[in-house]
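A closer look at the structure
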Amino acid sequence: MTVLTSVFSRVTADRRSVLVGAAVCLLSFTGFWIAQRAAAVSMIDVMVYRAEGRTVLDGLDLYAMRATRAGLPTTYPPFAALLFTPLTLLGVPEMRTLATAGNLLLLIVFVHLSLRLTFRKAVRPGALLWVAAAAVWCEPVWTTLRYGQINLLIGIAVLWDLTRRDGHRWAGVGIGLATAVKLTPALFAVMLLITGLLRFREAGWNPWLRKTAVAVGAFLTATLASAVILPYDSRRFWTDIVFRADRVGRVEAAANQSLRGVFARVLHTIDPALWWLPVAAVVAVVGLAVSVTAARRGRTAEATVACAATALLISPISWSHHWVWCMPMVFLLVAHGRAEWAAATGMGFYSYALWRVPHGAVERLELDQNRTQMTLTALYPTMALGLLVYLSVAVREERPPVAHPSAREVTVAKQPTRPKRRTRTKEPAG
């Protein structure tokens, strides 16, 4: 009877926790929706996606297209434009509503996978909803929804692969398709490949190589299918557009939170290649080394976060909304027991510091920043570099530090140890 009462109380408490979490999350999301509408957000990127889909359906030149009053071009591979064609079935108001609602649901999934990755155990629904309610207000998420971006979808595709069990049939598909849509996730495939090759020398074929093969297969399938449907656009992208980072936007823009953007603002130039390229090369090597070392030690969370930080740092353009990876970064620090560091990092992503400096496309105001302004617009890369330095030390520890023990560990710890039976020895008669 006592056991039944205990189980019933636990179920009731869990249900109450979920209901409270759902109410808080709904309230937060509603406030967020109202705030974004009050701010008259443009959702300009989803407008570009819709224009790409329309261009494909009309059989026009995809990379000659210009959309919205800003005259924005297509920057993604042709496969992405094919995925955007359903957006043409919706009117603009309906599309904006669907994009916002869809991204809010994707946020919950992304938070769930991030918590599952970093804490290595099942996530309580109540806690998940509380975290999502808070995460929606950080700058990368706010900006992702402001523009109607696809960053959360890309992140989910990658995290889905990296939270699957070893040998899962479809693990790798997410990274492959994400790379076919947006090239940056390719670094995760590189990390899988290097880890798999090093493991192959020791134990032959392994799950890391399996994921790599699946990812490459998914990428090639999507890319070749796009080439069959859009041969001219595919040829133009892979022979010309892919090398033209200038199409994406202004290098020195405050919103560009990559190393290239930092060097452009510090050196007051739109072409910081002389400094950026060697530094980015070093960061790429070091970041991949940290990621692969973590992966070989079975520390997938550390490997994933290190790889994400590296990709964001070395990319020619990493807009602030690309930094939705701040969530697993902060969660990992919490899981390592670094609560103060996690709080400081979280505050950086909630500060909106990069928007507190003069910025503008026409005047190129970012080229005249003072030291304080440069510091504010280098916040994300600085925190990412600090995280890589920390992980380079942490991954060499024998056991990964986990803030909370798993349920099995708690159960084992509570079990009393049985005393050993003492055997009697016969004394010799005498």
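Overview of the structure. (Residues numbered from 1 in each chain as written. Predicted model: local features only at pLDDT ≥ 70, side-chain atom pairs only at ≥ 80, totals over all residues. Heavy atoms only, no water.)

Things to note about the side chain of Glu252
If you trace the backbone, Glu252 turns up in the loop between α11 (231–239) and α12 (259–267). Polar side-chain contacts of Glu252 include one of 2.9 Å to the side chain of Arg250. A polar contact of 2.5 Å, which involves the side chain of Glu252, links it to the side chain of Arg364. Among residues more than four places away in sequence, those in contact with Glu252 are Ala264, Arg265, Ile270, Arg364, Glu366 and Leu367. (Helix = DSSP H or I, 4+ residues; strand = E, 2+ residues; numbered from the N terminus. Polar contact = N/O pair within 3.5 Å; in protein donor to acceptor, adjacent residues only side chain to side chain. Contact = heavy atoms within 4.5 Å.)

Things to note about the environment of Cys138
Relative to the helices and strands, Cys138 resides in the loop between α5 (125–135) and α6 (139–147). By relative accessible area, Cys138 is classed as buried at 2%. As a C-alpha pair, Cys138 and Ser351 span 213 residues in sequence and 7.9 Å in three-dimensional space. Not counting residues up to four positions away in its chain, the partners in contact with Cys138 are Cys326, Phe349, Tyr350 and Tyr352. (Buried < 20%, exposed > 50% of the residue type's maximum accessible area, 1.4 Å probe, protein only.)

Observations regarding the packing of helix α14 (residues 300–314) against helix α18 (residues 379–394)
Close contact between α14 and α18 brings their axes to 10 Å; oriented N to C, the two are set at 145°. For the pair α14 and α18, the crossing hand works out as left-handed. Within the contact between the two elements, α14 uses Glu302, Val305, Ala306, Ala309, Thr310 and Leu313 and α18 uses Pro381, Ala384, Leu385, Leu387, Leu388 and Leu391. Counted by class, the contact of α14 with α18 contains ten nonpolar, one polar and one charged residues. (Axes fitted to C-alpha atoms, helices over the stretch in contact; angles between N-to-C directions. Left-handed = near helix turned anticlockwise from the far one by under 90°. Nonpolar A, V, L, I, M, F, W, Y, C, P; charged D, E, K, R; others polar.)

Details of the packing of aromatic side chains
Summed over the entire model, instances satisfying the criterion amount to 14 aromatic pairs. Geometrically, the ring pair formed by Phe349 and Tyr380 is tilted, given 4.6 Å between the ring centres and 45° between the ring planes. Remark: Tyr380 occurs in helix α18 and Phe349 occurs in helix α16 (residues 339–350); sequence separation between them is 31 residues. Pair check on accessibility: Phe349 and Tyr380 agree, each one buried. Among the aromatic residues, those joined into a cluster by ring pairs are Tyr63, Phe219, Phe237 and Trp238. One residue, Arg146, lies across the ring of Trp355, its end atom 5.7 Å from the ring centre. Over the ring of Trp208 we find Lys211, and its NZ or CZ is 5.5 Å from the ring centre. (Phe/Tyr/Trp six-rings, centres within 6.5 Å; stacked < 30°, edge-to-face > 60°. Lys NZ or Arg CZ within 6 Å of the ring centre and 35° of its normal.)

A few points about the pattern of salt bridges
Taken as a whole and assessed by the stated rule, the structure comprises nine salt bridges. Among the salt bridges present, the one from Asp58 reaches Arg54, with a minimum N-O distance of 3.3 Å. Taken together, the residues Asp58 and Arg54, both in helix α2 (residues 44–58) and four residues apart, mark about one turn of the helix. Of the charged contacts, one joins Asp61 and Arg236 as a salt bridge, the two residues approaching to 3.2 Å between their closest N and O atoms. Residue Asp61 is located in the loop between α2 and α3 (78–83), and its partner Arg236 is located in helix α11; the two are separated by 175 residues in the primary sequence. Here the residues in one salt-bridge network are Arg250, Glu252, Arg364 and Glu366, joined through shared partners. (Salt bridge = Lys/Arg side-chain N within 4 Å of Asp/Glu carboxyl O.)

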